[in-house]
Amino acid sequence: MLLFLLSCLSFLLLSKSLSLKSLKQWLSISNSRIGFFQKSFNLIINWPKSQIGFRAIQSTMSLRRKSTPKVQHVDETDELSVLDLPELVLEGILGRLPPEGLCNMAAICSSMRERCRSNHLWERHMKEKWARVIGPAALKEWQSFVSLRKDLGVSDQGKSKGWIGSLACIWPVSWLKSKLVSGGKPKSTLPSDSIMAWYLSLENGRFWFPAQVYNREHGHVGFMLSCYDAELSYDSHTDTFHARYPPHGRRTIVIEEGVQWDRLRAPPVDTPPHDLHVSDCLNDLRPGNHIEIQWRRNKEFPYGWWYGVVGHLDSCDRNKYNCRCLTNDTVILEFNQYTPGSRWRRTVINRKDHREEGNETDGFYGGIRKLHSKEEISMWMRLWPSEILD
């Protein structure tokens, strides 16, 4: 086993045609492997160097090491560390580690901790996992969160077991516990405005962020083909979310658990849920266009976004060569998930003077978004109910 590890290490340091893909596989660091790597590495570097040719290895060390006078014999107490890897190799390793690997590498030493906190290493992880649900509203909320907690120190972090778990990837658990008991503060806390801090706060569920949920409340029939604003908290154990919806009138706050990733999106516009969205597409609406429109039960309720299509006027023969619906001030909106004759099936708006329209019986229709993205339209199609609604 020792010879095998030695061969791998020598290959890492001496090969000029180093494959980062192979290196990633060899140094794929996880919670179970980081201890193995450290122990194996220490075993190799403490082996009698006359037997394993460490002079050749030392000649390939990074230029970052301080120069020392030449000596005939190398002191056997000298040790190599992962920081002795060439700079580009080390950056290649860190850039390909998963988040848990970066956290584990951060526990090695203070120098590695600073490297593993770098924003450029965490930007990719934020984009890959969170870009679909994190939008400008969430970023603004995070900035407010940070301004209230300029330093995510132990005094704040100790309130949450989940956060202590996250800290354990930055400082050794035994050291952290001793500091918590003694009331001490670590010498180098995680900067609260770093991308790593944001990522970890999302992962452990401490940070509730604004987003939107399709078919809220486990797909309740009253919310089919709608999308509502909510505050979300991630549950890493189930890879799902808790959604906290604002109260509707006298109704208390509703919390839905187990919300899957495919029911979430970042808000496409920055209009708050109780405000009327200013429509900028009314003059372009024509039959066949896919749209989302704000709707709410009464004035006390927040708006939700509901999917529909632009239909033809009753006077139109639906011949695309003779259709004049685009030139008419009246626009027909259809919600084909409802049965023909249902009061929810159609509504009429005025193209030239549309604001909020409706009543206490049928609800109030607000601003309109015209959908251009095939991805947005296909998302609504995937949510289409299996049965027509009444």
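What counts and what doesn't
- Residues numbered from 1 in each chain as written.
- Predicted model: local features only at pLDDT ≥ 70, side-chain atom pairs only at ≥ 80, totals over all residues.
- Heavy atoms only, no water.
- Helix = DSSP H or I, 4+ residues; strand = E, 2+ residues; numbered from the N terminus.
- Buried < 20%, exposed > 50% of the residue type's maximum accessible area, 1.4 Å probe, protein only.
- Contact = heavy atoms within 4.5 Å.
- Areas by Shrake-Rupley, 256 points an atom, 1.4 Å probe, with all protein chains shown as cover.
- Patch = residues over 30% accessible without salt bridge, like charges linked within 9 Å, V, L, I, M, F, W, Y side chains within 5 Å.
- Salt bridge = Lys/Arg side-chain N within 4 Å of Asp/Glu carboxyl O.
- 1 Å grid on protein atoms, 1.4 Å probe; cavity = no way out; pocket = protein on both sides within 12 Å on 5 of 7 lines; lining within 4 Å.
- Points joined across faces, edges and corners; volume = space filled by probe spheres on them.
- Nonpolar A, V, L, I, M, F, W, Y, C, P; charged D, E, K, R; others polar.
- Phe/Tyr/Trp six-rings, centres within 6.5 Å; stacked < 30°, edge-to-face > 60°.
- Lys NZ or Arg CZ within 6 Å of the ring centre and 35° of its normal.
- Pairing = 2+ DSSP bridges.
- Axes fitted to C-alpha atoms, helices over the stretch in contact; angles between N-to-C directions.
- Parallel < 35°, antiparallel > 145°, perpendicular 65-115°, else oblique.
- Left-handed = near helix turned anticlockwise from the far one by under 90°.

**Q** Explanation requested: the overall build of the protein in the structure shown.
**A** For the protein, the count of helices and strands is 16 helices and 11 strands. Per-residue burial for the protein yields a buried fraction of 46% across its 390 residues. Long-range pairs, those at least 24 residues apart, make up 62% of the contacts in the protein between residues at least 6 apart in sequence. Element-wise, carbon and sulfur atoms account for 52% of the exposed surface of the protein, whose accessible area totals about 21,500 Å².

**Q** When you look at a nonpolar patch on the surface in this model, what are you seeing that I'm missing?
**A** On the surface, M381, W384 and I388 cluster together to form a nonpolar patch covering roughly 270 Å² of accessible area. For W384, a relative accessible area of 31% corresponds to the partly exposed category.

**Q** Sorry, what's going on with empty space enclosed by the protein here?
**A** Considering all chains together, one arrives at two cavities of 30 Å³ or more under this definition. The volume enclosed by the largest cavity comes to roughly 50 Å³. Together, L285, R286, P287, V310, G311, L313, C325, T330, V331, I332 and R351 line the largest cavity. Mapped onto the lining of the largest cavity, the elements with two or more residues apiece are β7 (304-311) and β8 (330-334). It is β8 that contributes the most residues to the lining of the largest cavity, three residues altogether. For the lining of the largest cavity, a count of residues per class yields seven nonpolar, two polar and two charged.

**Q** What should I look at first to understand the packing of aromatic side chains in this one?
**A** Counting across every chain of the model gives 22 aromatic pairs. An angle of 10 degrees between the planes, with centres 5.8 Å apart, marks the rings of W142 and W198 as stacked. One end of the pair, W142, is in helix α10 (residues 136-148); the other, W198, is in helix α14 (residues 195-203), with 56 residues separating them in the sequence. Each member of the pair W142 and W198 is classed as buried. An aromatic cluster of at least three residues, connected via ring pairs, comprises W130, W142, F145, W198, F207, F209, Y234, F241 and W261. For R216, the ring lying beneath its charged end belongs to Y228, and the centroid distance is 5.2 Å. Seen from the ring of Y245, R216 lies directly overhead, with NZ or CZ sitting 4.0 Å from the centre.

**Q** Would you take a moment to explain the pairing of strand β11 (residues 363-370) for this structure?
**A** Every other side chain in a regular strand lies on the same face of the sheet, so the side chains alternate between the two faces. Among the eight residues of β11, seven are classified as buried, and the element is accordingly described as predominantly covered. Looking at chain direction, strand β6 (residues 290-296) and β11 are connected through five bridges and run antiparallel. Of the residues in β11, the one forming a bridge with W295 is Y365. With three bridges connecting them, strand β10 (residues 357-359) and β11 associate as antiparallel partners.

**Q** Explain the side chain of T347 here, please?
**A** The topology assignment puts T347 in strand β9 (residues 346-350). In this structure T347 comes out as buried when scored by relative accessible area, which is 12%. Apart from residues lying up to four places away in sequence, T347 is in contact with V331, I332, L333, F335 and Y365.

**Q** Just checking my understanding: could you explain the environment of H218 for this structure?
**A** As for its position among the elements, H218 is in helix α15 (residues 216-219). Judged by relative accessible area, H218 falls into the exposed class, the value being 60%. The spacing of H218 and G258 is 40 residues in sequence and 8.6 Å in space, taken between C-alpha atoms. Not counting residues up to four positions away in its chain, the partners in contact with H218 are E256, E257 and R263.

**Q** What should I look at first to understand the packing of helix α7 (residues 99-106) against helix α9 (residues 119-130) in this one?
**A** Relative placement of two packed helices is described by the angle separating their axes and the distance separating the axes. Contact geometry of α7 with α9 gives a least axis separation of 11 Å together with a crossing angle of 155 degrees. With respect to each other, α7 and α9 are oriented roughly antiparallel. As α7 runs across α9, the sense of the crossing is left-handed. Contacts between α7 and α9 involve P99, L102 and C103 from the former and L121, W122 and H125 from the latter. Of the residues belonging to the contact of α7 with α9, the class tally is five nonpolar, one polar and no charged.

**Q** Looking at this structure, how should I read the pairing of β6?
**A** Burial within β6 is extensive, with six of its seven residues counted as buried. By the bridge criterion, six bridges tie β6 to β7 in an arrangement that is antiparallel. Across the sheet, residue I293 finds its bridge partner in β7, namely W306.

**Q** What's the story with the environment of D329 in this structure? I'm lost.
**A** Along the chain, D329 falls in the loop between β7 and β8. A residue is classified by how much of its surface remains accessible, and D329, at 34% relative accessible area, is partly exposed. Sequence separation between D329 and K352 is 23 residues; the distance between their C-alpha atoms is 6.2 Å. If near-sequence neighbours (up to four positions away) are discounted, D329 is found in contact with I349, N350, R351 and K352.

**Q** Would you mind showing me how to read the pattern of salt bridges here?
**A** It is possible for side chains of opposite charge to pair when their charged atoms get near one another. On inspection of all chains with the given rule, the structure shows 15 salt bridges. Of the charged contacts in the structure, one is a salt bridge between K299 and E356, with a shortest N-O distance of 2.3 Å. Of this pair, K299 sits in the loop between β6 and β7 while E356 sits in the loop between β9 and β10, placing them 57 residues apart in sequence. R343 is the salt-bridge partner of D362, the closest N and O atoms lying 3.4 Å from each other. A residue pair is termed long-range when its members are at least 10 positions apart, and D362 in the loop between β10 and β11 and R343 in the loop between β8 and β9 qualify at 19 residues. Under the relative-accessibility criterion, R343 is labelled partly exposed at 45%.

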